[in-house]
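Coordinates in review
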Amino acid sequence: MKKILTAAFLALGLAGPALADGHDKLVTVVTADEPQVQLMSMVLTHQAIDKGHASHILLCGPGGDIALKDAPESATAPQPPRDASPQGLLQAAIKKGATVEVCAIYLPGMGADESVLIDGVGVAEPPAMADAMVDDDSIVWSF
């Protein structure tokens, strides 16, 4: 059975059982423009990685901005309580083995190519991304 969890379920603490088995793959989709939501998406993704879940992060729209070399200050500014930033935690997730990609239409929409992205971030191929999201062993979080 497919497990799709939104930020609302996560905020209410209703995601726990979905992560209990430690074998599911996690797809985190970040579209939010709010730095706090972006940061929390990375915090929770790190928690899942630390519990043994393979992680694939898809950044679309304003969420893609955290993957830019010349990211807005909101993506790089330290936030309380631990002075972490969305981009800093994204880079840490890459180091932990997460696959990170921007949506296929993100860069063409800004008239740019992959050279504007930080190291370790690629461009999603829609068929492969769809496969990852509909896989029966995947959990999809959307922020």
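The structure displayed is predicted, hence computed values, not measured ones.

Some points on the overall build of the protein chain
Looking only at helices and strands, the protein chain has 7 helices and 6 strands in total. For the protein chain, the share of sequence-separated contacts (at least 6 apart) that also reach a separation of at least 24 residues comes to 69%. Carbon together with sulfur atoms contributes 58% to the accessible area of the protein chain, which is approximately 7,400 Å² in total.

Notes on helix H3 (residues 35-50)
Counted at 1.5 Å a residue, the expected span for H3 with its 16 residues is 22 Å, and the 23 Å between its end C-alpha atoms agrees. For H3, the full list of buried residues reads Gln38, Leu39, Ser41, Met42, Thr45, His46, Ala48 and Ile49. As for H3, its buried residues are in contact with strand E2 (25-30), strand E3 (55-59), helix H5 (86-95) and strand E6 (138-142).

Quick notes on the pairing of E2
Burial analysis of E2 places 5 of its 6 residues in the buried class, which makes it a mostly covered element. With 5 bridges connecting them, E2 and E6 associate as parallel partners. The partner of Lys25 across the bridge, within E6, is Ser138. Sheet topology note: the E2/E3 ladder contains 5 bridges and is parallel. Note that in E3 the partner of Val27 across the bridge is His56. Remark: the E2/H3/E3 crossover connection has right-handed handedness.

Rules of the game
Residues numbered from 1 in each chain as written. Predicted model: local features only at pLDDT ≥ 70, side-chain atom pairs only at ≥ 80, totals over all residues. Heavy atoms only, no water. Helix = DSSP H or I, 4+ residues; strand = E, 2+ residues; numbered from the N terminus. Contact = heavy atoms within 4.5 Å. Areas by Shrake-Rupley, 256 points an atom, 1.4 Å probe, with all protein chains shown as cover. Expected span 1.5 Å × (residues − 1). Buried < 20%, exposed > 50% of the residue type's maximum accessible area, 1.4 Å probe, protein only. Pairing = 2+ DSSP bridges. Right-handed = clockwise from strand over helix to strand, strands pointing away.

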